Amino acid sequence: MDDLDTSLTVVDLDGLDAPPDEHDSFGGIVVAVSPSGSVPPGSVADAWADHASFTLTEQSGDDPRLVVVDSITDSLESVRATISANPVAARVCDDVLRVNTPGTGTRRGLTTESLAYSTLQAGPEFARWLAEKGHCAPHVQVDAVLLHRHDDALTITFNRPDRHNAFSNALRSGLIDGLEVALTDESIASVVFTGSGRSFCSGGDLVEFGLLDDPAAAHLARTKYSPALLLDAVRTRLGTRLRAHVHGAVLGSGLEMAAYCGTIVARPDAVFGLPELGLGLIPGAGGTVSIPRRIGRWRTSYLAMSGLRVGPATALSWGLVDEVAEGDC
């Protein structure tokens, strides 16, 4: 074992002879490495792969607990840098992902996520980022989300192309309106969720961060007006006919919301990532529920704790998207 700092422990799966202590559930973040890429079922390595936040390897394979990287050393340094910059947010993110297993109900998972997010909003890491950011201002736009119906198909389009569809309260309100239509109008047989301009959604509107200074009130607002709950409900009704067509930046809340859809089609220019730890926060738009359902806790954790972005080929191999389409989706 190699203790890199107080929040991160690195273990080599190829050199372990004792299983993890399952009682040490609050012992910090554990990242495993496996130069061989071999994790035999029932082995000590298998137990550690389950226990770790994720495992890095340079060998190809389809084990969802393993993340294939070009360089274990370089990827480990990216993880170390992200965790060292915001160790509290990293630990909270790890805890929430372990609690929000794929079998967790959506409402329960979103409540856990939001409570953790609100806790971090009151913490020093987010306060430091907020002080460095400075200016706060609301986004006001009456046509932030466009709804278009053709026969029995509804298209919901983010319409803030000048800001890569950064997710603001105005976009949240418009998205909720569209999803409520899709949920209550039984004549709608399919929904396409997309964005105008160069990106699907670049994540939360950072200019609006800090407008709500009461974390408890923010939690109540976040859970009462949750697009994630509606997306999950529409997915339950329509299944694969709730489609996200994504391109450009698909980051943070954009990725989190798209992951609820029954089908995700990506263009070749799409880039996926979870940058929230850099703000001293965790994914807060339902991503600790939606993304693990697609790619598992381990790869979700890697996206959050590395701060790195992946392209459509990796997203397709993981199951984060269902199709990569040339040209317009």
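Residues numbered from 1 in each chain as written. Predicted model: local features only at pLDDT ≥ 70, side-chain atom pairs only at ≥ 80, totals over all residues. Heavy atoms only, no water.

## Remarks on the side chain of Ser226
Threshold: Helical segments are the DSSP runs of H or I of at least four residues, strand segments are the runs of E of at least two, and each set is numbered from the N terminus. Definition of a polar contact: a pair of N or O atoms within 3.5 Å, with one able to donate and the other able to accept a hydrogen when the atoms are protein atoms, and with sequence-neighbouring residues admitted only if both atoms are side-chain atoms. Only heavy atoms enter the contact rule, under which two residues are in contact if any of them lie within 4.5 Å.
Among the structural elements, Ser226 can be located in the loop between helix 7 (215-224) and helix 8 (227-238). Reaching out from Ser226, the side chain makes a polar contact with the backbone nitrogen of Leu229 at a distance of 3.3 Å. Not counting chain neighbours up to four residues away, the residues in contact with Ser226 comprise Leu110 and Ile176.

## Regarding the packing of aromatic side chains
We apply this condition: Aromatic pairs are defined between Phe, Tyr and Trp rings, using the six-membered ring for Trp, whenever the two ring centres lie within 6.5 Å; interplanar angles under 30 degrees are classed as stacked, those over 60 as edge-to-face, and all others as tilted. Using a 1.4 Å probe on the protein chains alone, a residue whose accessible area is under 20% of its type maximum counts as buried, one over 50% counts as exposed, and one in between counts as partly exposed.
In total, this model carries 7 aromatic pairs according to the counting rule given. Arranged with centres 5.4 Å apart and planes meeting at 80°, the rings of Phe54 and Tyr302 form a pair that is edge-to-face. Highlighted residues: Phe54 in strand 4 (residues 54-57) and Tyr302 in helix 10 (residues 287-306), separated in sequence by 248 residues. In terms of burial, Phe54 and Tyr302 fall into one category: buried. Arranged with centres 5.9 Å apart and planes meeting at 55°, the rings of Phe158 and Phe167 form a pair that is tilted. Of the two residues examined, Phe158 and Phe167, each falls in the buried class. An aromatic cluster of three or more residues is present, and its members are Phe158, Phe167, Phe193 and Phe200.

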